[in-house]
Amino acid sequence: MTTATRQEVLGLYRRIFRLARKWQASSGQMEDTIKEKEYILNEARTLFQKNKNLTDADLIKQCIDECTARIEIGLHYQIPYPRPIHLPPMGLTPLRGRGLRSQEKLRKLSKPIYLKSHDEVS
């Protein structure tokens, strides 16, 4: 990891923690705010710990893009949780038989960048 990339990653980490410190739930209730702050912090810690040993520049760039997208989406929609995605038709059929291999491929292709690591962690 280059020095510039390291600084960018650490800057994102600090930005997330500042965001969590100032976060207010859209419902306005204190219990929801506390839950959402804890979710933001736990999610950030988990993903940064999971990816701390990455050395491939393309994977690091993809993780940085995902982090930035999740921050921007969270701020825009005022929810810290990942937004649902719209799968292609038949995207949620059970994976049985040979005919559904294409469905699995479509499912992977339709996943937006801000959800790439969500299934791995959750």
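Residues numbered from 1 in each chain as written. Predicted model: local features only at pLDDT ≥ 70, side-chain atom pairs only at ≥ 80, totals over all residues. Heavy atoms only, no water.

- An unreviewed UniProt entry lists the chain under the name LYR motif containing 1, with Rhinolophus ferrumequinum as the source organism.
- Per UniProt, the chain carries the Sequence similarities (unreviewed entry) text "Belongs to the complex I LYR family." (UniProt positions renumbered as here; feature names shortened; annotations may be inferred.)

## Some thoughts on a positive patch on the surface
- A contiguous patch of positive charge, built from R14, R18, R21 and K22, is present on the exposed surface.
- The topology assignment puts R21 in helix 1 (residues 3-22).
- What makes R21 exposed here is its relative accessible area of 59%. (Patch = residues over 30% accessible without salt bridge, like charges linked within 9 Å, V, L, I, M, F, W, Y side chains within 5 Å. Areas by Shrake-Rupley, 256 points an atom, 1.4 Å probe, with all protein chains shown as cover. Salt bridge = Lys/Arg side-chain N within 4 Å of Asp/Glu carboxyl O. Lys, Arg positive; Asp, Glu negative; His and termini not counted. Charge placed at Lys NZ, Arg CZ, Asp CG, Glu CD. Helix = DSSP H or I, 4+ residues; strand = E, 2+ residues; numbered from the N terminus. Buried < 20%, exposed > 50% of the residue type's maximum accessible area, 1.4 Å probe, protein only.)

## Concerning unusual backbone geometry
- In this structure, Q78 takes a positive phi of about 60° despite not being glycine.
- Summarising the element assignment, Q78 is placed in the loop between helix 3 (57-77) and helix 4 (101-110).
- A relative accessible area of 34% means that Q78 is categorised as partly exposed.

## Brief notes about the packing of helix 1 against helix 3
- The interhelical angle for the contact between helix 1 and helix 3, taken along N-to-C directions, is 25°, at an axis separation of 11 Å. With respect to each other, helix 1 and helix 3 are oriented roughly parallel. Regarding helix 1 and helix 3, the two cross each other, and that crossing is left-handed. For the pair formed by helix 1 and helix 3, the contact residues are T5, E8, V9, L12, R15, I16 and L19 on the first element and I60, I64, C67, T68, I71, E72 and L75 on the second.
- Counted by class, the contact of helix 1 with helix 3 contains nine nonpolar, two polar and three charged residues. (Axes fitted to C-alpha atoms, helices over the stretch in contact; angles between N-to-C directions. Parallel < 35°, antiparallel > 145°, perpendicular 65-115°, else oblique. Left-handed = near helix turned anticlockwise from the far one by under 90°. Contact = heavy atoms within 4.5 Å. Nonpolar A, V, L, I, M, F, W, Y, C, P; charged D, E, K, R; others polar.)

## Focus: the nonpolar core
- One finds V9, L12, I16, L19, A20, W23, I40, A44, I60, I64, C67 and I71 forming the largest nonpolar core, which totals 12 residues.
- For this core, the elements supplying multiple residues, two or more each, are helix 1, helix 2 (30-50) and helix 3.
- Those residues in contact with I16, other than ones at most four positions away along the chain, are I40, A44, F48, C67 and I71. (Core = buried A, V, L, I, M, F, W, Y, C linked by side-chain atoms within 4.5 Å.)

## Quick notes on helix 3
- The terminal C-alpha atoms of helix 3, which comprises 21 residues, lie 30 Å apart, in line with the 30 Å expected from a rise of 1.5 Å per residue.
- Listed in full, the buried residues belonging to helix 3 are I60, I64, E66, C67, A69, R70, I71, I73 and G74.
- Taken from the residues just after helix 3, Q78 is the one with a positive phi, measuring 60°. (Expected span 1.5 Å × (residues − 1).)

## Some words on the side chain of T33
- Mapped onto the elements of the fold, T33 is located in helix 2.
- Residue T33 is classed as buried on the basis of its relative accessible area, which comes to 2%.
- For T33, the contacting residues outside a window of four places in its chain are W23, Q24 and A25.

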